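Okay, here's what each chain looks like letter by letter:
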Amino acid sequence: MTDSSTGAGAAYGDRDPDALARRAGERANPDRDQHFLVDDRVLDRIPAYLPDDADASHLLEIGGGAGALTDRLLAAVAAENGRLSVIERDGVFADFLREEFATAVDDGLLDVIEGDALDVDLPPFTACVANLPYGVSSEIAFRLLPEGKPLVLMFQAEFADRMVASAGESEYGRLSVSAQHYAAVEIVERVPKEAFDPQPAVESAVVRCTPRDPEYEVGDEAFFLRFVKALFTQRRKTVRNAVRNTGHISGLDDPESVVDAADEDLLRRRPGDLEPSAFAALAELARERGSPTEV
Ligand SMILES: C[S@@+](CC[C@H](N)C(=O)[O-])C[C@H]1O[C@@H](n2cnc3c(N)ncnc32)[C@H](O)[C@@H]1O
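Residues numbered from 1 in each chain as written. Predicted model: local features only at pLDDT ≥ 70, side-chain atom pairs only at ≥ 80, totals over all residues.

- The name an unreviewed UniProt entry assigns to the chain is Probable ribosomal RNA small subunit methyltransferase A, from the organism Halorubrum saccharovorum DSM 1137.
- What the UniProt record of the chain gives under Sequence similarities (unreviewed entry) is the line "Belongs to the class I-like SAM-binding methyltransferase superfamily. rRNA adenine N(6)-methyltransferase family. RsmA subfamily."
- Of the chain, the UniProt comment under Subcellular location (unreviewed entry) reads exactly: "Cytoplasm". (UniProt positions renumbered as here; feature names shortened; annotations may be inferred.)

**Quick look at the environment of A141**
Here's step 1: When you line up the elements, A141 lands in helix α6 (residues 137-144).
Here's step 2: Sequence separation of A141 and K193 is 52 residues, and the distance between their C-alpha atoms is 21 Å. (Helix = DSSP H or I, 4+ residues; strand = E, 2+ residues; numbered from the N terminus.)

**Structural notes on the nonpolar core**
Here's step 1: Counting 66 residues, the largest nonpolar core has L37, L59, C128, V129, L153 and V207 as its most contacted members.
Here's step 2: It is helix α3 (residues 68-79) that contributes the most residues to this core, six residues altogether.
Here's step 3: Those residues in contact with V129 that lie beyond four places of it in its chain are I46, P47, L50, L59, E61, L73 and V152.
Here's step 4: In terms of nonpolar packing, the next biggest core, distinct from the first, is built from 19 residues, A230, V239, A242 and A283 among them. (Core = buried A, V, L, I, M, F, W, Y, C linked by C-beta atoms within 7 Å. Buried ≥ 20, exposed ≤ 12 C-beta atoms within 10 Å, placed from the backbone. Contact = placed C-beta atoms within 7 Å.)

**Some details on the UniProt feature "binding site: S-adenosyl-L-methionine" (unreviewed entry) in the chain**
Here's step 1: The positions UniProt marks with the feature "binding site: S-adenosyl-L-methionine" (unreviewed entry) are H35, L37, G63, E88, D116 and N131.
Here's step 2: Accessibility expressed as a C-beta count within 10 Å gives 26 for G63, which makes it buried.
Here's step 3: Leave out the neighbours within four places in its chain, and G63 touches E88, A130, N131, L132 and P133.
Here's step 4: Along the polypeptide, D116 turns up in the loop between β4 (110-114) and β5 (127-131).
Here's step 5: A tally of 12 C-beta atoms within 10 Å means that D116 is categorised as exposed.

**Things to note about the UniProt feature "domain: Ribosomal RNA adenine methylase transferase N-terminal" (unreviewed entry) in the chain**
Here's step 1: In the numbering used here, UniProt assigns the "domain: Ribosomal RNA adenine methylase transferase N-terminal" (unreviewed entry) feature to residues 42-213.
Here's step 2: Note that residues 42-213 is 33% helix and 27% strand, and that its end C-alpha atoms are spaced 30 Å apart.

**Focus: the domain arrangement of the chain**
Interface size is commonly expressed as the accessible area that is lost once the parts come together.
Here's step 1: Domain boundaries in the chain define domain 1 (17-211) and domain 2 (221-289).
Here's step 2: For domain 1 versus domain 2, the distance between C-alpha centres works out to 34 Å.
Here's step 3: Contacts between the two partners involve nine residues from domain 1, matched on the other side by eleven residues from domain 2.
Here's step 4: Among the residues forming the side of domain 1 that touches domain 2, the class breakdown is three nonpolar, five polar and one charged. (Domains from an automatic or database assignment. Nonpolar A, V, L, I, M, F, W, Y, C, P; charged D, E, K, R; others polar.)

**Considerations on the site of the ligand**
Here's step 1: For the ligand, the set of nearby residues contains 23 residues, the closest of which are G63, G65, A117, N131 and P133.
Here's step 2: Listing elements by their share of the shell around the ligand, those giving two or more residues are β1 (36-37), α3 and β3 (83-88).
Here's step 3: Residue composition of the shell around the ligand, grouped by class: eleven nonpolar, six polar and six charged. (Near = placed C-beta within 6 Å.)

**A word on the environment of D40**
Here's step 1: Checked against the element boundaries, D40 lands in helix α2 (residues 40-45).
Here's step 2: Residue classification places D40 among the partly exposed residues on the basis of 17 C-beta atoms within 10 Å.

**A word on the packing of helix α8 (residues 174-182) against helix α9 (residues 221-232)**
Here's step 1: Remark: α8 packs on α9, axes separated minimally by 9 Å, with the N-to-C direction vectors making an angle of 160°. As the angle between them shows, α8 and α9 are arranged roughly antiparallel. Viewed along their axes, α8 and α9 form a crossing whose handedness is right-handed. Residue-level contacts link R174, V177 and S178 of α8 to L225, V228, K229 and F232 of α9.
Here's step 2: In terms of residue class, the contact of α8 with α9 is made up of four nonpolar, one polar and two charged. (Axes fitted to C-alpha atoms, helices over the stretch in contact; angles between N-to-C directions. Parallel < 35°, antiparallel > 145°, perpendicular 65-115°, else oblique. Left-handed = near helix turned anticlockwise from the far one by under 90°.)

Shown next, in the form of structure tokens:
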């Protein structure tokens, strides 16, 4: 076994996360969304959560930090003759990753993109594995989900619970319907604060998103997502009143015609109890009858 503290040149997959953070020369700064994973067992498990049939030939990591997860992902891509791209916003850590993994960079196994994951062009990745910066995890997730690739992402546990919730559950909302529109979403591991340094204020969870087509059809995806968002602003109202009251958000000029045409059973329910397929049926009716305009 390689001495994991030896630095650049060590075999991939067994670097000591504490030693990496020390060598990076700067402590992680929570104000910059930096909480480094330091639990070896969690780090070892995360890449294995990719679906068995995932194409791992070009992995993407967002927020490489001091490189503990980068190291594990390099081991995975090296075994597959693939490559890894890492997007890191903080120049200190981007430089550190290039130095620490200089051999991988030279061998074409790794490229480090210094920039904001919300702005930079995404490389043509086949799957993404990341311990996300929690301040922008929602924006990053909804940048990645439409790409239709397998994702294994660490989120705040409360956010993860909302992603996977089903109709009728208290955590079910716009986030659940939107995420599940793109993928089968499941929590594969809950991660305690103690696995990080510095520790975040909240518990975390690893979520696997396996892309799949939804079991319903929508003619206009942007309208569907806007309609779902609009109805959940009135989650405690009946669907009838939620449709009536939120036309200005979803862009419906004539919500009353939607209410007139919809099933009474559907109208009596509440947005928090509607399955994604029921939202889709109502959104299609709204497109036909409600005179939608661009918002
Ligand atoms: C939670 S830390 C994870 C670090 C490392 N992957 C680990 O697991 O220990 C998040 C990382 O994302 C970086 N980051 C924060 N905001 C970012 C953004 N908008 N785009 C890219 N990276 C970002 C931070 O500098 C930090 O290195």
